[in-house]
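Spelled out, the chains give:
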Amino acid sequence: MSLNPRRRLLLASGLAAVAGAFGLRAFAQDKVIRITAKKFEFAPSDIELRKGEPVVLEFTSADVVMGFSLPDFKLRTDIVPGGFTRLSFTPDRIGTFGFACDHFCGDFHEDMTGTIRVVG
């Protein structure tokens, strides 16, 4: 069954309104920061974001299972080799915030840290 252009527009508008009501956004509209986790570093380890700008952190692991924890924003995930892990959030305050691997990955695990700077 084919919809005429007017009905298609109404359907698309209705779906957009429902998605907006539930706080859903398309990832394509968000800024994507690709982060590689490998023994014993995140690359990049220093990230600058803008307050109020939606962002997707997209992780890959080059070797073993890693973790990512950004406690100031209550964000955490596992990063599994061979795939992508995505975290979507909007920084709501300005400052410098530390993140770290929270999944033991070897002798220098404690050095696997980074910084997110949120600017206005």
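The structure presented is a predicted model; accordingly, all values stated were derived computationally and were not measured.

J.: Where do I start with the pairing of strand S9 (residues 113–119) in this structure?
T.: Within a regular beta strand, the side chains point alternately toward one face of the sheet and then the other, so they alternate between its two faces. Here S9 shows one buried face, formed by Gly114, Ile116 and Val118, and one open face, formed by Thr113, Thr115, Arg117 and Val119. Across 5 bridges, strand S3 (residues 46–50) lies against S9 in parallel orientation. Within S9, the position partnered with Asp46 by the bridge is Thr115. Relative to S9, strand S8 (residues 95–100) is paired through 6 bridges, and the arrangement is antiparallel. Its bridge partner being in S9, Phe97 is matched across the sheet by Ile116.

J.: Quick question: what am I supposed to make of the nonpolar core here?
T.: Within soluble globular proteins, side chains that are nonpolar tend to cluster in buried spots. The biggest cluster of nonpolar side chains holds 24 residues, and the ones touching the most others in it are Phe42, Leu57, Phe68, Leu70 and Phe89. Put simply, the parts of the chain that give this core at least two residues each are strand S1 (31–38), S3, strand S4 (55–61), strand S5 (66–70), strand S6 (75–79), strand S7 (85–89), S8 and S9. Once you skip the residues sitting within four places of it in the chain, Phe42 turns out to touch Ile35, Thr36, Ala37, Gly67, Phe68, Ile79, Phe99, Ala100, Cys101, Met112 and Thr113.

So, how was this worked out
Residues numbered from 1 in each chain as written. Predicted model: local features only at pLDDT ≥ 70, side-chain atom pairs only at ≥ 80, totals over all residues. Heavy atoms only, no water. Buried < 20%, exposed > 50% of the residue type's maximum accessible area, 1.4 Å probe, protein only. Helix = DSSP H or I, 4+ residues; strand = E, 2+ residues; numbered from the N terminus. Pairing = 2+ DSSP bridges. Core = buried A, V, L, I, M, F, W, Y, C linked by side-chain atoms within 4.5 Å. Contact = heavy atoms within 4.5 Å.

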